[in-house]
Amino acid sequence: MTYSYDPQNIFARILRGEIPNKTVLETVHTLAFHDINPAAPVHVLVIPKGPYVTFDHFAAEASEEEIVDFHRACAQIFQMVGVAPGGGFRAITNSGADGMQEVPHYHLHILGGRVMGPLVVR
Ligand code: AMP
């Protein structure tokens with residue numbers, strides 16, 4: 001399986017500084033910023049800086065350093081935005097057509113600040 005990365009996707013443009021973002025945290029391999037259309041009081045997107053299309057792509061092909069950096073960044077963000085330890089949160093990643101992914105650069109949604117409701121529409 002090979003993955004095809006579109007370097008013109010909106011998060012690639014954010015990473016190149018072509019589009020502004022409201023940064024929450026930046027590390028060597030990871031950027032986190034507020035979602036432009038928040039679905040909850042806390043809605044942060046965490047993205048790797050590397051060109052990974054989906055979670056499965058990142059999990060399969062990112063370096064150990066990138067994977068550790070991403071998740072340690074998440075740990076900092078949970079505390080920074082006040083969801084954990086605390087009220088809790090939901091972390092979602094949409095992948096591909098069935099996942100209804102809109103932006104083809106891997107991103108983790110961190111949602112919180114209210115009860116998030118059922119997991120999915122059945
Ligand atoms: P997904 O459907 O999982 O691909 O989610 C894409 C998310 O990116 C949506 O929640 C959008 O609101 C968000 N988004 C799109 N453009 C921007 C942007 N320029 N800055 C921040 N978030 C964005």
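Summarised in this report is the structure supplied together with it. Only a predicted model underlies this, so the values are computations on that prediction, with no experimental measurement involved.

The five strands are arranged S1-S2-S3-S5-S4 in an open sheet whose pairing can be described as antiparallel. In the strand order of this sheet, the two ends are held by strand S1 (23-26) and strand S4 (89-92), each with one partner. The average undirected angle you get between the axes of adjacent strands in this sheet is 20°.

Turning our attention to the site of the ligand. Neighbouring the ligand are 16 residues; Asp35, Asn94, Glu102, His107 and His109 lie closest to it. Within the backbone of Ile36, one N or O atom sits 3.1 Å away from a nitrogen atom of the ligand. Here the ligand has 500 Å² of accessible area as a free molecule, and 86% of this is covered by the chains. Secondary-structure elements contributing two or more residues to the shell around the ligand are helix H1 (10-15) and strand S2 (30-34). For the shell around the ligand, a count of residues per class yields eight nonpolar, six polar and two charged.

In this section: the nonpolar core. In this structure, Ala32, Val44, Val46, Phe70 and Ile77 are the most contacted members of the largest nonpolar core, which totals 18 residues. Those elements giving two or more residues to this core turn out to be S1, strand S3 (42-48), helix H3 (64-80) and strand S5 (108-112). For Phe70, the residues in contact, after removing those within four places along its chain, are Thr30, Val46, Ile47, Pro48, Phe58, Tyr106 and Leu108.

Attention now goes to the environment of Asn9. In this fold, Asn9 is placed in the segment before H1. Note: C-alpha distance between Asn9 and Val103 (94 residues apart in sequence) is 6.6 Å. With residues near it in sequence (within four places) discarded, Asn9 still touches Val103, Pro104 and His105.

Tallied over the entire structure, the rule returns seven aromatic pairs. The interplanar angle of 75° and the centroid separation of 5.4 Å between the aromatic rings of Tyr52 and Phe58 together place this pair among those described as edge-to-face. With respect to burial, Tyr52 and Phe58 carry one shared label: buried. Within the aromatic cluster, the residues linked to one another by ring pairs are Tyr52, Phe55, Phe58, Phe70 and Tyr106.

Another aspect to go through is the pairing of S3. Most of S3 is tucked away: seven of the seven residues are buried. The side-chain alternation of S3 yields two buried faces, one formed by Val42, Val44, Val46 and Pro48 and the other by His43, Leu45 and Ile47. In this structure, S2 lies alongside S3, joined through five bridges in antiparallel fashion. Bridge pairing links Leu31 to Ile47 in S3.

A few words now on the environment of Leu111. As for its position among the elements, Leu111 is in strand S5. As for Leu111 and Pro85, which are separated by 26 residues in sequence, their C-alpha atoms are 14 Å apart. Non-local contacts of Leu111, meaning those with residues more than four positions away in its chain, are made with Ala39, Ala40, Val42, His43, Phe89, Arg90, Ile92 and Met116.

Most peptide bonds take the trans form, and the phi angle of most residues other than glycine is negative. Of the consecutive residues Ala84 and Pro85, the connecting peptide bond is found in the cis state with omega at -5°. Within the secondary structure layout, Pro85 lies in helix H4 (residues 83-87). Residues other than glycine seldom take positive phi values, yet Met100 does so here, at roughly 60°. Positionally, Met100 belongs in the loop between S4 and S5.

Conventions adopted
- Residues numbered from 1 in each chain as written.
- Predicted model: local features only at pLDDT ≥ 70, side-chain atom pairs only at ≥ 80, totals over all residues.
- Heavy atoms only, no water.
- Pairing = 2+ DSSP bridges.
- Helix = DSSP H or I, 4+ residues; strand = E, 2+ residues; numbered from the N terminus.
- Axes fitted to C-alpha atoms, helices over the stretch in contact; angles between N-to-C directions.
- Near = heavy atom within 4 Å.
- Polar contact = N/O pair within 3.5 Å; in protein donor to acceptor, adjacent residues only side chain to side chain.
- Areas by Shrake-Rupley, 256 points an atom, 1.4 Å probe, with all protein chains shown as cover.
- Nonpolar A, V, L, I, M, F, W, Y, C, P; charged D, E, K, R; others polar.
- Core = buried A, V, L, I, M, F, W, Y, C linked by side-chain atoms within 4.5 Å.
- Buried < 20%, exposed > 50% of the residue type's maximum accessible area, 1.4 Å probe, protein only.
- Contact = heavy atoms within 4.5 Å.
- Phe/Tyr/Trp six-rings, centres within 6.5 Å; stacked < 30°, edge-to-face > 60°.

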